[in-house]
Every structure is written in C-alpha cells, then in structure tokens.
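Overview (structure and organization)
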Amino acid sequence: MRRADASDLAGSTAVGSLVAFVLLTLVVTGQDGAPLFGDQDLNAWSADHRPPVALAVARGLTYTGTGVVPYLLVALAGVVLGRTARQRILFALGCAGCLAAAQAVRYGVMSLVARPRPATVEWATQASGWSFPSGHTTTSAISGGLLLLAVLARAPRGGRGLAVLLACWAVLVGLTRVYLGVHWFSDVLGGWLFALCWLSLSVYAIARIAPHTFSAISALRIRPGPTTTEGRPDDSHPHREVPPRSDP
C-alpha cells in the first residue's frame, strides 16, 4: 500500500473509532457508571456458565493480556519489521514505547471516568482499579495489533493465518474479562475502540511524520524481479540508432 493511501485509511479509521469511543464514554459518564444495555445480562449469563475447564481456560487467557506477554509481542513485532540488528532494536523500542504510551493515556481516561466494576461476588479472578475502559482488553488489542501489522507488512499473504490467530487472541482476552465477571461488556467495547484508535493514529503518524520509516517498512517485501529496471542492465545505456542505408 502506498504511503498516501495508508495515511488516508489510518486517519479515517482513527477519526471514526475516536468518535465512537468518545460517544461511548459520554454515555457511560452520563449514566454515572451504571451498566448499559445488555451489560448485566451478559455478566449474569457468565456467572451461571462457568464449568471448571472453561474457567481455567479463561483465567489462562486473561493472564496473557497483561504483564510481560504483551511486551514480548511488541518486541517480536519490532524484530519482524527490522532487516538489520539496529533496525530490529529501534523498531522493538518504538513498539514498546507505543504500548507504554497507550497504557498511560488509558489509565488517565480510566481515572477520569471512575466507573465502578461489577459486584465482587461475581468475580472469578482478581482485579484492581476502575472499570472503563478495560486495561487487559486495551493492552492485548494494541500488542496483538502491532504484531499483526508487522506480520502483514512483512508477509502480506503468508502471514494471514498468524494474523487471524492474533486477532482471535486479542478478542478472546477481552471477552474473558466479562466471562470472569470483572468488567462490563461496555468496558471491553471501550477498550477495543481505544486500541483501534491508537493503532490507527500510530500508522498515520508513521506514514505522515516519519515517511522514511514507513518506506523502510514497505521496502521489506520489495524484491527486484526480471521485469524491473534492476534486472535489465542494458536499460542504463542509451540505445544506438542505426543510420538508414543510403542507396548507391
């Protein structure tokens, strides 16, 4: 994808997801943090459907949405993007900084909204802090999204299977927060919207503010072929014109 096309798409996605997130935040604050439509029904269903195996799987998944795992994923994204050791280190640090900044902004929004969590009697795991937007959901979506973008940039066709797995992991981590009773679904939805906006802004910033970085990422999958100028050295020399034969 060309830089202009990527920046336009990322900018449009960032604006759309930001508007949706702001509207959802206004609705949550307007209700004084009370659960929205469907929130209580989903939490009640989750509390009534927790067999031991499903509960263990949900707890295992939700633990991967915080701590060291997301930072390992973004470091891997940097390794995938870079071609040299220096580029891999720089991209890994940049991805880690992107995730850390997103977590800081989300924490600020969470503190301002100050939405209470569901009742602790419904909890099936430990949790702390306010509820909106979900931290595990935001962190897993951003880390998985960064690695997903890196895989698609490096191998747009061969990496589709891995991209699907990353997307499923990020979605499931968010859903486990509802299943374990520590978040409302609207908290998870807010986390997804926040993450989508942050990822889109990151792509837009790279494409607009740091075009050389975007060009370096795009060049990872460009290889000279037999029809390119690099494959035809004769094209670098002007063709000789043969003068017409004169009749005797």
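Computed from a prediction, not measured in an experiment: that's the story for all the values here.

Quick look at the nonpolar core
By size, the foremost hydrophobic cluster in this structure holds 34 residues, and its most contacted members are I142 and L146. Only α1 (3-30), α4 (68-81), α5 (85-113), α6 (135-154), α7 (160-179) and α8 (185-208) provide two or more residues apiece to this core. Not counting the four nearest positions on each side in its chain, L146 is found in contact with V74, A77, C95, C98 and L199. By size, the runner-up hydrophobic cluster in this structure holds 5 residues, among which are L55, A124, Y179 and L180.

Thoughts on a nonpolar patch on the surface
On the surface, V15, L18, V19, V22, L23 and L26 cluster together to form a nonpolar patch covering roughly 530 Å² of accessible area. In this fold, L23 is placed in helix α1.

Some details on the confidence of the model for the protein
Confidence in the prediction for the protein averages 85 pLDDT; 81% of positions are at 70 or higher. Here helix α9 (residues 211-218) is the element of the protein with the lowest mean pLDDT, 57, and helix α3 (residues 52-63) is the one with the highest, 96. Across residues 222-241, confidence stays below pLDDT 50; counting only partners more than four residues off in sequence or on other chains, it has 5 contacts.

Overview of the pattern of salt bridges
Scanning the model with the defined rule gives 2 salt bridges in all. Taking the shortest distance from any N to any O, the salt bridge between D187 and R115 comes out at 2.7 Å. You can see D187 sitting in helix α8 and its partner R115 sitting in the loop between α5 and α6, a full 72 residues away along the chain. This pair shows no difference in class: D187 is buried, exactly as R115 is. If you follow the salt bridges from partner to partner, you end up with D39, R115 and D187 in one network.

Some points on the side chain of R177
Along the chain, R177 turns up in helix α7. For the buried R177, no salt bridge is present, and the opposite-charge side chain at shortest range is D187, 8.9 Å distant. Contacts of R177, omitting those with residues within four sequence positions, involve T62, T125, Q126, A127, S134, H136, T137, V182, H183 and V188.

Section: unusual backbone geometry
Going from F132 to P133, the amide bond is cis rather than trans, its omega being -10°. Secondary-structure assignment places P133 in the loop between α5 and α6. With a phi angle near 55°, D32 is a residue other than glycine that sits in the positive phi range. Here D32 falls in the exposed class, since its relative accessible area comes to 71%. With phi around 55°, A114 is a residue other than glycine that occupies positive phi space. Secondary-structure assignment places A114 in the loop between α5 and α6.

Details of the environment of L148
Looking at the element boundaries, L148 is found in helix α6. Counting along the chain gives 15 residues from L148 to A163, while the straight-line C-alpha distance between them is 5.2 Å. Those residues in contact with L148 that sit more than four places away from it in its chain are A163, L166 and A167.

Notes on the packing of α5 against α8
Put simply, α5 and α8 touch, their axes get as near as 11 Å, and they point 135° apart. With respect to α8, the axis of α5 lies oblique. At the point where α5 passes α8, the crossing takes the right-handed sense. The segment α5 lies against α8, with C98, A101, A102, V105 and R106 engaging F194, W198 and S202.

A short note on the packing of aromatic side chains
One pass over the structure, following the stated rule, counts 4 aromatic pairs. Aromatic side chains F21 and F132 sit 5.9 Å apart centroid to centroid with 10° between the ring planes, which places their arrangement in the stacked category. You can see F21 sitting in helix α1 and its partner F132 sitting in the loop between α5 and α6, a full 111 residues away along the chain. For F21, a relative accessible area of 7% puts it in the buried group. Between F185 and W192, the ring centres sit 6.2 Å apart and the planes meet at 80°, which makes this aromatic pair edge-to-face. Classification of W192 as partly exposed rests on a relative accessible area of 23%.

The rules behind the values
- Residues numbered from 1 in each chain as written.
- Predicted model: local features only at pLDDT ≥ 70, side-chain atom pairs only at ≥ 80, totals over all residues.
- Heavy atoms only, no water.
- Core = buried A, V, L, I, M, F, W, Y, C linked by side-chain atoms within 4.5 Å.
- Buried < 20%, exposed > 50% of the residue type's maximum accessible area, 1.4 Å probe, protein only.
- Helix = DSSP H or I, 4+ residues; strand = E, 2+ residues; numbered from the N terminus.
- Contact = heavy atoms within 4.5 Å.
- Patch = residues over 30% accessible without salt bridge, like charges linked within 9 Å, V, L, I, M, F, W, Y side chains within 5 Å.
- Areas by Shrake-Rupley, 256 points an atom, 1.4 Å probe, with all protein chains shown as cover.
- Salt bridge = Lys/Arg side-chain N within 4 Å of Asp/Glu carboxyl O.
- pLDDT = per-residue confidence, 0-100.
- Lys, Arg positive; Asp, Glu negative; His and termini not counted.
- Axes fitted to C-alpha atoms, helices over the stretch in contact; angles between N-to-C directions.
- Parallel < 35°, antiparallel > 145°, perpendicular 65-115°, else oblique.
- Left-handed = near helix turned anticlockwise from the far one by under 90°.
- Phe/Tyr/Trp six-rings, centres within 6.5 Å; stacked < 30°, edge-to-face > 60°.

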